[in-house]
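# Results of the structural survey
Chain residues, written in single-letter form:
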Amino acid sequence: MKIITILGSPRKKGNTAKVLSMFENKVEKKHEIERINITQYKVGGCLGCYKCKEKKDEPGCVQKDDALTIFEKMIQADAIVYASPLYCWSFTSQIKPLIDRHFCLVSGDGTPDQDSLISGKPAALLVTCAGPIEGNCDAIQGIFTGFSEYAKLTAKGNFILPFCTTPDAIGDKGIELAENLAEAITG
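Remember, it's a predicted structure, so these values are computed and weren't measured experimentally.

What counts and what doesn't
Positions within a chain are numbered from 1, following the residues in the order the chain's sequence is written. Local features are withheld for residues below a pLDDT of 70 in this predicted model, meaning they are given only at 70 or higher, and side-chain atom pairs are given and counted only at 80 or more; totals for whole chains, interfaces and linings count all residues. Processing note: side-chain calculations cover all non-hydrogen atoms of the structure and skip hydrogens and water entirely. If DSSP finds at least two bridges between two strands, the strands pair. Working definition: helices are DSSP H or I runs of at least four residues, strands are E runs of at least two. Numbering for both runs from the N terminus. Whether a crossover is right-handed comes down to one check: with the strands pointing away from the viewer, does the path from the first strand over the helix to the second run clockwise; if it does, it is right-handed. Buried residues are those whose accessible area, probed at 1.4 Å on protein chains only, stays under 20% of the maximum for their type, while exposed residues exceed 50% and partly exposed ones sit between those limits. Residue contacts are defined here by distance: any two heavy atoms, one from each residue, within 4.5 Å place the two residues in contact. All axes are obtained by fitting lines to C-alpha atoms, using only the stretch in contact for helices, and the reported angles, taken between N-to-C directions, cover 0 to 180 degrees. When a carboxyl oxygen of Asp or Glu lies within 4 Å of a side-chain nitrogen of Lys or Arg, that pair is called a salt bridge.

Summarising the sheet, strand S6 (residues 122–128) and strand S7 (residues 154–161) pair through six bridges and their orientation is parallel. Looking across to S7, one finds that Val 127 is bridged to Ile 160. A crossover links S6 with its parallel partner S7, the connecting element being helix H4 (residues 138–150), and its sense is right-handed.

Written as structure tokens, this is what we have:
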């Protein structure tokens, strides 16, 4: 199985990166892993031009940036893990343009023929946050549910590590979360 992980954190060695690495280390012996550090790519925001809807069998976005490269990797993958620290109850500004641009992967919006170039792929959300889950992570979970349904992904769960303030303090709860994520994606 080829798994694409997308690190949406501006910090390459932060909390989310550490937990994502725990997951990757857990599955890399039996599966191929490719991490996309979103800060190393140029991804512009959706222009709302609808040109992408003119092509059904490819991500037909008019922007010639790195989103198309990332989408090709996602199309070729067997599973996808989206990882982001919680910023203002949602995804970071670094990964949000990519989330918005999933629009170009979907055809037949709102019809019985709606389909996606990543349809059926197992996908999971990994989030680290400094506060609690309840009343804090509701928006990001709702966004993930919505765009998973829209892109016809097979959502395998939301894996959230609360009260996460420094990578050195992650410990056993991070290991357990990474193991649960590994089981959900590969099991």
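Okay, the environment of Ala 182 next. On the secondary structure map, Ala 182 appears in helix H5 (residues 171–186). By relative accessible area, Ala 182 is classed as buried at 4%. Considered as a pair, Ala 182 and Glu 24 are 158 residues apart in the sequence and their alpha carbons are 8.2 Å apart. Those residues in contact with Ala 182 that lie beyond four places of it in its chain are Phe 23, Lys 26, Val 27 and Gly 187.

Our focus in this paragraph is the sheet that holds strand S3 (residues 79–85). Strand order in the open sheet formed by five strands is S2-S1-S3-S6-S7, with parallel pairing between adjacent strands. What marks the edges here is a single partner per strand, and that holds for strand S2 (32–37) and S7. Averaged over all pairs of adjacent strands, the angle between their axes in this sheet comes to 15°, without regard to strand direction. Judged from the six bridges that link them, S3 and S6 form a sheet pairing that is parallel. Looking at S6, one finds that Ser 84 is bridged to Val 127. Lying over the sheet, H5 contacts strand S1 (2–7), S3, S6 and S7, oriented at roughly 180° with respect to S7.

The subject of this paragraph is the pattern of salt bridges. One pass over the structure, following the stated rule, counts nine salt bridges. Here Glu 34 ties to Lys 73 by a salt bridge, and the two come within 2.5 Å at their closest N and O atoms. Taken together, the residues Glu 34 in strand S2 and Lys 73 in helix H2 (residues 67–76) connect sequence positions 39 residues apart. Salt bridges linked by common partners bring Lys 2, Glu 32, Glu 34 and Lys 73 together as one network.

On to the side chain of Thr 5. For Thr 5, the position within the fold is in strand S1. Apart from the residues lying within four places of it in its own chain, the contact partners of Thr 5 are Leu 20, Phe 23, Glu 24, Glu 34, Arg 35, Ile 36 and Val 81.

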